[in-house]
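Results of the structural survey
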Amino acid sequence: MKIHFKKHIAGLLLFMLVISAVACKRILDLEPHNSTFTGAYFTNGQDANSAISGAYSSVRRVLLNNYSWHVYGDAPSGEFSIRSDRDNQNYNISNGEFTGLNVGSGNWNWQSYYQLLQQLNLIINKVPGIGIEKFTNQDDKKRIIGEAYFLRAFTYFYMSRIWGDVPLRLEPDLDINQAKNIPRTPAAQVLAQCIKDLELAKANLVFGYSDENQRAVRANKGSALALEAHIKAWTGDYAGSEIAADDVIKNGGYALSDSSQYSKVFIGKSLEGIFEINISYGQSEGISLNGGGYAPTLRRPYVANKADIQWPVNTSYINKIYKDTADIRYKTFFFQAQSSEGQTIKFSNVTYADGSAKNDPRLSNNLIIFRLADIYLLRAEALNKLGRDGEAVILLNAIRKRAKIADYAGGGTALGTTILEERLRELYFEGQSYYDMVRTKTLPAYNERFKDQFMNGAPEGGWLWPVDPGMFKDDFTLTQTPYWQGRL
């Protein structure tokens, strides 16, 4: 990697960073993709806005690269019967095989995340020093700072759910020659920092949007609270999770879509959306389906001229969780679900860049990260854990009513299982199911291939991913994920 940060002074107090091609062996000190900040002086609001826009672009890139949001969050859950003859790498991952000849080390490598974190750390470091008078809108400065803290917390939470312990770097490397590798930080400490970041995010963000075009695709206070609810549930702080989720529901200004408009939620920017990654063909951000985007889950008739499907639905899994085929989600999410070539059509808003020739399909569905139904069910899970089943059932049945299935009236452990399976139905193929199973220690019940390595959710369990052995060459502080030591 030939990347180096240098300082330049322009005028009396002007400071900027540039990238030059100097050999660098420090794994964490990498250039952010399309580094919008590197040529900026951080002297005004325009610079700050350019930097945060670049950070969102980097988030989009890392989540969409090789379908990573779904490879990590869906493929191992059992949702799909991935075809080994068409996608051998992700077939192995769905079987609980996170290592091996057909699993590329790109799944084990966190370098691109630290490119993003370098950019976020620079924003957090530099934007507070810009005078408020340098911003056209007086609220912009606080919003940008809040968004940067939110995105940093989101990135570290995302990484920690994948690898557990990860190096925690909270300052930008302004001089690469002074940068040092740091060891993996315990997951508990990483997640505690995420909560600290979210406190600062909430202090700088507000509910709602002054510009409706930014709905859900820019973080606001509701996004920060939704992330807080998830982190606290992940760490077992259900009391804290319930409070954060309740705040989202009561004060966020979000609303559940009704049954007739349900499919529009997955196009994006609905009143239900809390945080999403923008994927809009109309805004030149659609995803090509020629071997990319959601191509593994779609074929004809949803993608013209495409005969093969790499990720057909797992009929056994579908039949296990969708007991009632009158459920509108069964009808909305799947095409020929009982076929070995059954498709997930939840995200199938396809248009064609080449018009009637239909050889250049583009997907125009946002990547859903958090939405209100998720938070309803997460709060229901927390309430059940806290022994407040009556309140939990109300939230659960609000989601079931929209899906046009019968109300549930039970409690206790059975209610907990029902809430989990409601999440598995509602959030199918939204990058949540694998983590839900890990969090509730139920993964082997839905994907039995993990029964030997799950180890009841212990940190050394095989549900965590290994790190790329190639990163060890120049970083002597790095250690392998415990379960995978001696297994690579």
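Whatever comes next refers back to the structure up there.
Residues numbered from 1 in each chain as written. Predicted model: local features only at pLDDT ≥ 70, side-chain atom pairs only at ≥ 80, totals over all residues. Heavy atoms only, no water.

Another aspect to go through is the pattern of salt bridges. The full count for this structure, using the stated rule, is 37 salt bridges. Here Glu341 and Arg86 are joined by a salt bridge, their closest N and O atoms 3.4 Å apart. Taken together, the positions of Glu341 in the loop between β5 (334–335) and β6 (343–344) and Arg86 in the loop between α2 (68–73) and α3 (88–94) put the pair 255 residues apart, joining distant regions of the chain. In this structure, Arg400 engages Glu422 in a salt bridge whose closest nitrogen and oxygen atoms are separated by 2.9 Å. Of the two residues, Arg400 sits in helix α12 (residues 389–402) while Glu422 sits in helix α13 (residues 412–426), which places them 22 residues apart along the sequence. In this structure, Arg400 and Glu422 share a single accessibility class: buried. Salt bridges here are not isolated pairs; linked through shared partners, they connect Glu272, Asp327, Arg329, Lys346, Arg371, Arg400, Arg402, Glu422, Arg425, Glu426 and Glu430. (Salt bridge = Lys/Arg side-chain N within 4 Å of Asp/Glu carboxyl O. Helix = DSSP H or I, 4+ residues; strand = E, 2+ residues; numbered from the N terminus. Buried < 20%, exposed > 50% of the residue type's maximum accessible area, 1.4 Å probe, protein only.)

A word on unusual backbone geometry. In the segment running from Arg300 into Pro301, the intervening peptide bond is cis, with an omega of 5°. As for its position among the elements, Pro301 is in the loop between β4 (287–288) and α9 (315–321). A positive phi angle, near 60°, is found at Ser284, a position not held by glycine. As for its position among the elements, Ser284 is in the loop between β3 (273–277) and β4.

The subject of this paragraph is the sheet that holds strand β7 (residues 350–352). In spatial order, the strands read β4-β8-β7; together these 3 strands make up an open sheet with antiparallel pairing. At either margin of the open sheet sits one strand with a lone partner, and together these are β4 and β7. Two elements, β7 and strand β8 (residues 361–363), share 3 bridges in a ladder whose sense is antiparallel. Directly across from Val350, in β8, lies its bridge partner Leu363. (Pairing = 2+ DSSP bridges.)

In this section: the nonpolar core. In terms of nonpolar packing, the biggest core is built from 141 residues, with Leu63, Trp110, Phe150, Trp163 and Tyr428 touching the most fellow members. If we skip the residues at most four places from it in the chain, Phe150 touches Leu198, Ala201, Ala219, Ser223, Ala224, Leu227 and Phe275. (Core = buried A, V, L, I, M, F, W, Y, C linked by side-chain atoms within 4.5 Å. Contact = heavy atoms within 4.5 Å.)

What characterises a pair of aromatic rings is the spacing of the ring centres plus the angle enclosed by the ring planes. By the definition in use, this model includes 39 aromatic pairs. Looking at Arg487, its charged tip hangs above the ring of Tyr483, at a distance of 3.9 Å from the centre. (Phe/Tyr/Trp six-rings, centres within 6.5 Å; stacked < 30°, edge-to-face > 60°. Lys NZ or Arg CZ within 6 Å of the ring centre and 35° of its normal.)

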